[in-house]
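This is what each chain is made of:
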Amino acid sequence: MHITLRQIEVFNAVVRHLNYTRAAEELHLSQPAVSMQIRQLEDNIGLPLFEQLGKQMFMTDAGSEMYIYSRNIEDLLNEADKVFAHS
């Protein structure tokens, strides 16, 4: 499995908003760029992370599991950033 830090950042933004357009606005990206990052992440994992029902977006079970890992990774990176910023 090959996952990039950018994919994790985009995934976390999509989870926060449950909306590609709002996630794109937060990250200063285009909506197609967000969609592409999520599609690549789903291809790497081999499972869908979100499902669309009408206008509502929901995380799949795989998406919920991925969110646990992605938050842990993001938390560790933030912690490392703080440690090295004070060095």
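Structure shown above.
Below or above, wherever it landed, is the structure these notes cover. The structure presented is a predicted model; accordingly, all values stated were derived computationally and were not measured. (Residues numbered from 1 in each chain as written. Predicted model: local features only at pLDDT ≥ 70, side-chain atom pairs only at ≥ 80, totals over all residues. Heavy atoms only, no water.)

1. Topic: the packing of aromatic side chains
Working step 1: If you walk through the whole model with that rule in mind, you get three aromatic pairs.
Working step 2: Between Phe 11 and Phe 50, the ring centres sit 5.5 Å apart and the planes meet at 45°, which makes this aromatic pair tilted. Taken together, the residues span a long stretch of sequence, with Phe 11 in helix 1 (residues 5–17) and Phe 50 in strand 1 (residues 50–53) at a distance of 39 residues. The pair formed by Phe 11 and Phe 50 is uniform in burial state, with each residue classed as buried.
Working step 3: With 6.4 Å between their ring centres and 90° between their planes, Tyr 20 and Phe 50 make a pair best called edge-to-face. Of this pair, Tyr 20 sits in helix 2 (residues 20–27) while Phe 50 sits in strand 1; the two residues are 30 residues apart in sequence, bridging distant segments of the chain. Phe 50 carries the same exposure label as Tyr 20, and that label is buried.
Working step 4: Members of the aromatic cluster, each reached through a chain of ring pairs, are Phe 11, Tyr 20, Phe 50 and Tyr 67. (Phe/Tyr/Trp six-rings, centres within 6.5 Å; stacked < 30°, edge-to-face > 60°. Helix = DSSP H or I, 4+ residues; strand = E, 2+ residues; numbered from the N terminus. Buried < 20%, exposed > 50% of the residue type's maximum accessible area, 1.4 Å probe, protein only.)

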